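One-letter residues, chain by chain:
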Amino acid sequence: GQQLNQSPQSMFIQEGEDVSMNCTSSSIFNTWLWYKQDPGEGPVLLIALYKAGELTSNGRLTAQFGITRKDSFLNISASIPSDVGIYFCAGLPGTYKYIFGTGTRLKVLA
Amino acid sequence: GAVVSQHPSWVICKSGTSVKIECRSLDFQATTMFWYRQFPKQSLMLMATSNEGSKATYEQGVEKDKFLINHASLTLSTLTVTSAHPEDSSFYICSARRLAGDSYNEQFFGPGTRLTVL
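Residues numbered from 1 in each chain as written. Chains lettered and ligands numbered in written order. Predicted model: local features only at pLDDT ≥ 70, side-chain atom pairs only at ≥ 80, totals over all residues. Heavy atoms only, no water.

K.L.:
Could you clarify how one ought to interpret the packing of aromatic side chains in this entry?
P.N.:
The geometry of an aromatic ring pair is captured by the separation of the ring centres together with the interplanar angle, meaning the angle of the planes. A complete count under the given rule lists 12 aromatic pairs over all chains for this structure. Aromatic pair Tyr35(A) and Tyr98(A): ring centres 6.0 Å apart, planes at 55°, arrangement tilted. Of the two residues, Tyr35(A) is situated in strand S4 (residues 31-37) and Tyr98(A) in the loop between strand S9 (85-92) and strand S10 (99-100); the sequence distance between them amounts to 63 residues. Residue classification places Tyr35(A) among the buried residues on the basis of a relative accessible area of 0%. Centroid distance Tyr36(B) to Phe109(B): 5.5 Å. Interplanar angle 45°. Geometry classified as tilted. Of this pair, Tyr36(B) sits in strand S4 (residues 32-38) while Phe109(B) sits in strand S10 (residues 107-109); the two residues are 73 residues apart in sequence, bridging distant segments of the chain. (Phe/Tyr/Trp six-rings, centres within 6.5 Å; stacked < 30°, edge-to-face > 60°. Helix = DSSP H or I, 4+ residues; strand = E, 2+ residues; numbered from the N terminus. Buried < 20%, exposed > 50% of the residue type's maximum accessible area, 1.4 Å probe, protein only.)

Below is the structure:
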């Protein structure tokens, strides 16, 4: 099935550093969402974006819906060890069916 | 709110047997539930969309007779893997779509079910 291009694929960072990851598509999406998945668990919703250009924060997390509606980014500020996990973007080209990104594996070094 | 549960959390079965996985929305009604499959170190791949009271819609390449889906109520969907084989071993995750104000496109995911077929 179709997937979104997500980068970077993985990253190792020091505790306290900021993290940035993005998701791109060749087609337009109406909604972008960012999820975090811990090992052996289901994804947990972090941020949902509904309008082009929208910038939304959730604690140390900030995400933006690209103006072209073909991309989105997620920033994590001042990372902590519990930020470790896999981050997935998801886009909706229509009204209900998600297309998931390939995932970004984040490892935080204390 | 918006809690989704799955049962069992893990299951080991013999090749040729059938396995049923339940997905429940605990504190909201879900007219639409989704079933995903995830292989190690890969993303989630949508298998089928389950609508309460109607037949499920399967994604291309997913065998309807292999993966039986029933959405009997607004809070319960089941996935039955029939005549399971080792290649069916995977992490199966369900999600439920909640209708709530502007957040109509959000899906809330269950904790997943690890299926191992021997």
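On we go.
K.L.:
I would appreciate a short explanation of unusual backbone geometry in the present structure.
P.N.:
A negative phi angle is the norm for most residues apart from glycine, just as the trans form is the norm for most peptide bonds. In this chain, Ser7(A) is followed by Pro8(A) through a cis amide linkage whose omega measures -5°. With omega at 0°, the peptide bond leading from His7(B) into Pro8(B) counts as cis. Relative to the elements of secondary structure, Pro8(B) occurs in the loop between strand S1 (4-7) and strand S2 (10-13). In the Ramachandran plot, Arg69(A) falls in the positive-phi region, its phi being about 65° despite a non-glycine side chain. Note on placement: Arg69(A) falls in the loop between strand S7 (61-65) and strand S8 (71-76). Positive phi, normally seen in glycine, also occurs at Ala78(A), with a value near 45°. Examined against the element boundaries, Ala78(A) turns out to sit in the loop between S8 and S9. For Ala78(A), a relative accessible area of 35% corresponds to the partly exposed category.

K.L.:
Even after reading the chapter, I still don't get the sheet that holds S8(A), so can you show me in this structure?
P.N.:
What links the strands of a sheet is backbone hydrogen bonding, and the strands pair in either a parallel or an antiparallel sense. All names here are of chain A. Read from one edge of the open sheet, five strands run S1-S3-S8-S7-S6, paired in antiparallel fashion. The strands lining the two open edges of the sheet, one partner per strand, are strand S1 (5-7) and strand S6 (55-58). For this sheet, the mean angle separating the axes of adjacent strands, direction not counted, is 15°. With five bridges joining them, S7 and S8 adopt antiparallel strand pairing. Directly across from Phe65, in S8, lies its bridge partner Ser72. (Pairing = 2+ DSSP bridges. Axes fitted to C-alpha atoms, helices over the stretch in contact; angles between N-to-C directions.)

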